[in-house]
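Results of the structural survey
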Amino acid sequence: MSQLNFNSMSTKLIRNSTFWYFTIIVLSILSSLNIHGQEIESITPDFGDIGDTVNITVVGNQTNFTQQEGIIDMYIESELVLIFASAINTINDTLAIGQFILDTEDCGNVDFVMETALDGFLVIPSGFRILCDRDKDSLALVDLYNECNGTNWSNNTNWLTGPLHTWHGVGAGSQTTSRVTTLDLRGNFVEKFGLTGSLPSSFSNLTELFQLSLDYNDLDSVELSNMPALIDFACNFNNLSFLNITDMSSLMGINVIDNQLTSSGFQINNLPLLNTLGVSQNFLTTIDLTSFTNLKSIIIDNIGHLLTFAVCWRSLSASTISYNNFCFLYYEIISLIVRKQYS
């Protein structure tokens with residue numbers, strides 16, 4: 001918001017009686033504008049999710065938040081949104097907090113407005129953003145980049161710089177409402193891609209993601225839950241020592257071949273459609289899959305430490321399975337397990 005500064009006006013104008021009446025008119029107009037140089041330096045946070053209650057901290061650059069009648073009101077507005085602060089707490093002359101309940105179905109940028117008795121309306125155009133679902137996708141991927149060594153990936157083209165749909169490996173439409181549906185950050189046998197550490201907790205906000213491919217990286221921990229669109233997850237040839245995948249209503253395939261998983265670090269639950277599981281070349285001593293009634297294919301070859309293997313035999317096809325370097329039919333393995341447990 002452009003401001004008029006009374007101090008920059010010529011003092012000759014005030015002293016000259018010829019212009020005295022004009023000066024009075026100008027001053028009366030300026031009384032409703034910002035003639036003291038007051039500005040909002042910052043607001044924190046500058047975004048929030050639909051339905052959230054957000055406490056926005058406002059920092060000013062002059063000492064007048066508490067002068068005269070202080071702050072009259074705060075609100076955020078756009079063509080579709082008008083939300084007034086439900087509570088205002090003036091901390092001191094340059095610090096105040098407004099509480100906003102983002103009770104709206106609309107998202108996008110909104111102006112932040114604060115009205116004070118002394119300075120009138122102080123505005124930060126597009127100073128606050130009500131998050132759309134695509135924004136949350138973007139923020140989750142920003143966390144992934146920052147927490148998983150993004151600067152050293154073998155290909156990070158356009159990440160954090162270009163439009164979301166141009167980021168390497170990200171499958172999303174160019175429309176502002178399009179969601180991220182696929183993520184392919186695979187390396188290869190010659191060169192790993194470069195993800196390290198653990199997936200961020202915000203990763204599960206990618207609720208429209210249906211395919212996730214992270215083969216040939218150096219991830220050591222993955223936790224995923226409540227991602228209703230995810231169908232296929234591949235994280236082969238990493239360094240996973242912990243895997244926790246729960247509450248996935250659509251997930252059909254998990255492949256985590258050639259990792260460092262032990263039985264205590266391998267946790268999968270409430271995956272009603274799971275039909276393919278690849279866990280070869282890990283360090284599992286027990287695999288209990290009896291609750292997964294749709295399993296059709298299991299790959300567990302080269303697990304030299306495997307002692308107990310239990311599945312629901314009715315769900316398995318008569319395909320072959322490698323088990324401790326020996327090849328059996330599914331029903332032969334189940335037969336052995338059943339005799340051991342119930343004889």
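Residues numbered from 1 in each chain as written. Predicted model: local features only at pLDDT ≥ 70, side-chain atom pairs only at ≥ 80, totals over all residues. Heavy atoms only, no water.

In space, the 7 strands of this open sheet follow the order S10-S11-S13-S15-S17-S19-S21, with mixed pairing throughout. The outermost strands of the open sheet, each flanked by one partner alone, are strand S10 (170-172) and strand S21 (297-299). The average undirected angle you get between the axes of adjacent strands in this sheet is 10°. Bridge analysis of strand S17 (residues 253-255) against strand S19 (residues 276-278) gives 3 bridges, and the strand direction is parallel. Looking across to S19, one finds that Asn255 is bridged to Gly278. Those strands touched by helix H3 (residues 133-147) are S10 and strand S11 (180-184), and its axis lies near 20° from that of S11. (Pairing = 2+ DSSP bridges. Helix = DSSP H or I, 4+ residues; strand = E, 2+ residues; numbered from the N terminus. Axes fitted to C-alpha atoms, helices over the stretch in contact; angles between N-to-C directions. Contact = heavy atoms within 4.5 Å.)

Once that is clear, we can look at H3. Between its first and last C-alpha, H3 extends 21 Å over 15 residues, near the 21 Å set by a 1.5 Å rise per residue. The set of residues buried in H3 consists of Arg134, Asp135, Asp137, Ala140, Leu141, Leu144 and Tyr145. Along its buried surface, H3 packs onto strand S9 (120-131), S10 and S11. Immediately downstream of H3, the backbone of Asn149 shows phi near 70°, a positive value. (Expected span 1.5 Å × (residues − 1). Buried < 20%, exposed > 50% of the residue type's maximum accessible area, 1.4 Å probe, protein only.)

Right, let's talk about unusual backbone geometry for a bit. For the bond running from Thr44 to Pro45, omega is -5°, close enough to zero to count as cis. Here Pro45 lies in the loop between strand S1 (40-44) and strand S2 (47-49). Unlike most non-glycine residues, Tyr216 shows phi in positive territory, near 55°. Tracing the chain through its elements places Tyr216 in the loop between strand S13 (211-213) and strand S14 (218-225). If you check the backbone angles, Asp258 has positive phi at about 60° while not being a glycine. Its place among the elements puts Asp258 in the loop between S17 and strand S18 (266-269).

This brings us to a nonpolar patch on the surface. A surface patch of nonpolar side chains, amounting to about 310 Å² of accessible area, comprises Phe210, Ile231, Met252 and Leu273. A residue is classified by how much of its surface remains accessible, and Ile231, at 36% relative accessible area, is partly exposed. (Patch = residues over 30% accessible without salt bridge, like charges linked within 9 Å, V, L, I, M, F, W, Y side chains within 5 Å. Areas by Shrake-Rupley, 256 points an atom, 1.4 Å probe, with all protein chains shown as cover. Salt bridge = Lys/Arg side-chain N within 4 Å of Asp/Glu carboxyl O.)

Read these as geometric descriptors, not functional statements.
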